[in-house]
Amino acid sequence: MYGERVLDHFLNPRNAGIIPDADGVGQVGDPRCGDYLRIFIKVKDNRIEDIKFQVFGCPAAIATSSMLTEMAKGKTLEEALAITDEDVAGALGGLPDFKLHCSNLGATALHKAVKDYLRRKGDGG
Ligand code: FES
């Protein structure tokens, strides 16, 4: 059911954990299954210097969260805001149709974390 890249990220998640002194935090839940994802970011010189995730979710949610953090690390805030759910699912080589909704948590949580950072900084967002 799952492709090789999905299984790899599920079995060896990258950047799992929390950042206690994060500059921005974004959280999103999926009302259909009750799963939720939290993204923590550290920002330096307008770039995502560090990123971690905490997820209570299924294998697809874990794999997409892991892939998302790899894609976002080192990116500018503008580039991070441009990452879409489709980008993440595509980078994983696709997901089964009925698991596509699981990949909808990642980009939203990342965007919320960036906006949280901008709000804390006083730049709106
Ligand atoms: Fe809830 Fe996958 S079943 S995120």
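Residues numbered from 1 in each chain as written. Predicted model: local features only at pLDDT ≥ 70, side-chain atom pairs only at ≥ 80, totals over all residues. Heavy atoms only, no water.

Asker: Can you walk me through the pattern of salt bridges in this structure?
Answerer: A pair can form between side chains of opposite charge whenever their charged atoms are brought close. For the structure on display, the rule yields eight salt bridges. The residue Asp23 makes a salt bridge to Lys42 at a minimum N-O spacing of 3.6 Å. You can see Asp23 sitting in the loop between helix H1 (4-11) and strand E1 (24-29) and its partner Lys42 sitting in strand E2 (residues 36-44), a full 19 residues away along the chain. Between Asp50 and Lys73 there is a salt bridge; the shortest N-O distance is 3.5 Å. With Asp50 in strand E3 (residues 47-56) and Lys73 in the loop between helix H2 (59-72) and helix H3 (77-82), this residue pair connects regions lying 23 residues apart in the sequence. Assessed through its relative accessible area of 22%, Asp50 is described here as partly exposed. Lys73 sits in the partly exposed class, given a relative accessible area of 38%. Sharing partners across several salt bridges, the network here consists of Asp8, Arg14 and Glu70. (Salt bridge = Lys/Arg side-chain N within 4 Å of Asp/Glu carboxyl O. Helix = DSSP H or I, 4+ residues; strand = E, 2+ residues; numbered from the N terminus. Buried < 20%, exposed > 50% of the residue type's maximum accessible area, 1.4 Å probe, protein only.)

Asker: Would you take a moment to explain the sheet that holds E1 for this structure?
Answerer: Each strand in a sheet pairs with its neighbour through backbone hydrogen bonds, running either in the same direction (parallel) or in the opposite one (antiparallel). Here three strands make up an open sheet; going across it, the order is E1-E2-E3 and the pairing antiparallel. Two strands close off the open sheet at either side, each with one partner strand: E1 and E3. Ignoring which end each strand starts from, the neighbouring axes of this sheet average 15° apart. In terms of strand pairing, E1 meets E2 through six bridges, oriented antiparallel. The partner of Gly26 across the bridge, within E2, is Ile39. Packing against the sheet, H2 makes contact with E2 and E3, and its axis sits at approximately 175° to E3. Of the strands in this sheet, E1, E2 and E3 are in contact with helix H5 (residues 106-121), which crosses E1 at around 145°. (Pairing = 2+ DSSP bridges. Axes fitted to C-alpha atoms, helices over the stretch in contact; angles between N-to-C directions. Contact = heavy atoms within 4.5 Å.)

Asker: Is there a simple way to explain the packing of aromatic side chains in this structure?
Answerer: Centre-to-centre distance and the angle between the planes together describe a pair of aromatic rings. Under the criterion given, the structure shown has one aromatic pair. Plain terms: the ring middles of Tyr36 and Phe56 are 5.1 Å apart, the flat faces sit at 35° to each other, and that makes the pair tilted. One end of the pair, Tyr36, is in strand E2; the other, Phe56, is in strand E3, and 20 residues separate them in sequence. Since its relative accessible area comes to 24%, Tyr36 is described here as partly exposed. (Phe/Tyr/Trp six-rings, centres within 6.5 Å; stacked < 30°, edge-to-face > 60°.)

Asker: Hey, could you run me through the side chain of Asp35 in this one?
Answerer: Along the chain, Asp35 falls in the loop between E1 and E2. Despite its burial, Asp35 remains without a salt bridge, the nearest opposite charge being carried by Lys99 at 6.5 Å. When near neighbours in sequence (up to four residues on either side) are disregarded, Asp35 contacts Val28, Gly29, Asp30, Phe56, Gly57 and Cys58. (Lys, Arg positive; Asp, Glu negative; His and termini not counted.)

Asker: I tried to follow unusual backbone geometry on my own but got confused; where do I start?
Answerer: One can expect most non-glycine residues to show negative phi and most peptide bonds to be in trans. Even without being glycine, Asn15 reaches a positive phi, approximately 60°. Along the polypeptide, Asn15 turns up in the loop between H1 and E1. Positive phi, normally seen in glycine, also occurs at Asn46, with a value near 70°. For Asn46, the position within the fold is in the loop between E2 and E3.

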